[in-house]
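Structural overview
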Amino acid sequence: MLLEGKVVIITGASRGIGRAVALGCAREGADVVVNDLSGPGAVVEEIRALGRRAVPAEGDVADPETGKRIVAVAVDAFGTLDVLVSNAGICPFHTFLDMPAEIMRRTNEVNYYGTFYVAQAAAKQMVTQGKGGAIVAMSSISALVGGGMQTHYTPTKAAIHSLMQSCAIALGPHGIRCNSVLVGTVRTDINRDDLSDPEKVAYFNKRIPLGRLGEPEDIIGPVIFLASDMARYVTGAAFLADGGLFVNLQ
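None of these values were measured; they are calculated from a predicted model.

1. Brief notes about the sheet that holds strand E2 (residues 31–34)
The strands that make up a sheet are held in pairs by hydrogen bonds between backbone atoms, and each pair lies either parallel or antiparallel. Ordered in space as E3-E2-E1-E4-E5-E6-E7, the 7 strands form an open sheet in which the pairing is parallel. Pairing within the sheet leaves two strands with one partner each, and these edge strands are strand E3 (54–56) and strand E7 (238–241). The sheet shows a mean angle of 20° between the axes of neighbouring strands, taken without regard to direction. Relative to strand E6 (residues 176–183), strand E5 (residues 133–140) is paired through 8 bridges, and the arrangement is parallel. Considered in E6, the bridge of Val 136 is made with Asn 179. The strands that helix H7 (residues 220–227) touches are strand E4 (83–86), E5, E6 and E7; relative to E6, the one it contacts most, it runs at about 170°.

Given below as structure tokens:
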């Protein structure tokens, strides 16, 4: 098992990609701290049913104190912290010219500030422990391309990618690896309405070389690889998991 004996924090883990990754980490031998704004849902019990330990850590990552509390939950429950998967994020689609300031503010606070705060809290604990660690932040193909209804969102994903590059430099001397996963078009609650149009889905299925939209389970492998010792010499990297969408210009 690639994560045997590891303790993993996953934010935004009650559904979608976060839930899939939490269960995937448990199947690879990890004990998991499950964070979500509205509570962990059924994920904690699902992990326990797999024979691994799991604890909930409810909270809004946009609050600078939440990251500290999540890390404290991990240490109190399991005595250590090995991996952070920063997954929490929002994308309320909106046009640019009449973008409400509140949507702009909230998207930045959850996506970028939230990633920063949780990564900082996790890194402080890892440095104190003195045995290294891994931070995997969920970025997006949107870090590389634009979106007319995502002018508030795409910059946050570019910022997360950049943050992991800078953290790789800052934390490398402590043996802490920092990488991002650039997720393609994956069916989640964030884009359910956007992908309710059959014509749009057909367009993506044609545009993506692998011929289909992504599913949350498609992101498990990249995250586990980056979190595990298989990637022990990988830091500051961006793992593009998009079915080939970005490279297809036709």
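Let us keep going from here.
2. Thoughts on the side chain of Thr 185
Position of Thr 185 relative to the elements: it lies in the loop between E6 and helix H6 (198–207). For Thr 185, a relative accessible area of 16% gives the class buried. Sequence-distant contacts of Thr 185, that is, excluding residues within four places in its chain, are made with Leu 195, Phe 204, Leu 213, Gly 214 and Leu 245.

3. Observations regarding the pairing of E5
Summarising burial for E5: 8 of the 8 residues are buried, a large majority. Of the two faces of E5, the one lined by Gly 133, Ile 135, Ala 137 and Ser 139 and the one lined by Ala 134, Val 136, Met 138 and Ser 140 are each fully buried. In terms of strand pairing, E4 meets E5 through 4 bridges, oriented parallel. When the sheet's bridge partners are listed, Leu 84 is paired in E5 with Ile 135. Where the polypeptide runs from E4 across helix H4 (residues 101–129) and back to E5, its parallel neighbour, the crossover connection is right-handed.

4. Things to note about the nonpolar core
By size, the foremost hydrophobic cluster in this structure holds 33 residues, and its most contacted members are Ile 10, Cys 25, Val 32, Ile 47, Val 181 and Ile 219. If you list the elements that add at least two residues to this core, you get strand E1 (7–10), helix H1 (16–27), E2, helix H2 (43–49), E4, E5, E6 and H7. Among the elements that take part in this core, H1 stands out by supplying 7 residues, more than any other. Apart from the residues lying within four places of it in its own chain, the contact partners of Val 32 are Val 8, Ile 10, Ala 22, Cys 25, Ala 26, Ile 47, Arg 53, Ala 54, Val 55 and Phe 78.

About the criteria used
Residues numbered from 1 in each chain as written. Predicted model: local features only at pLDDT ≥ 70, side-chain atom pairs only at ≥ 80, totals over all residues. Heavy atoms only, no water. Pairing = 2+ DSSP bridges. Helix = DSSP H or I, 4+ residues; strand = E, 2+ residues; numbered from the N terminus. Axes fitted to C-alpha atoms, helices over the stretch in contact; angles between N-to-C directions. Contact = heavy atoms within 4.5 Å. Buried < 20%, exposed > 50% of the residue type's maximum accessible area, 1.4 Å probe, protein only. Right-handed = clockwise from strand over helix to strand, strands pointing away. Core = buried A, V, L, I, M, F, W, Y, C linked by side-chain atoms within 4.5 Å.

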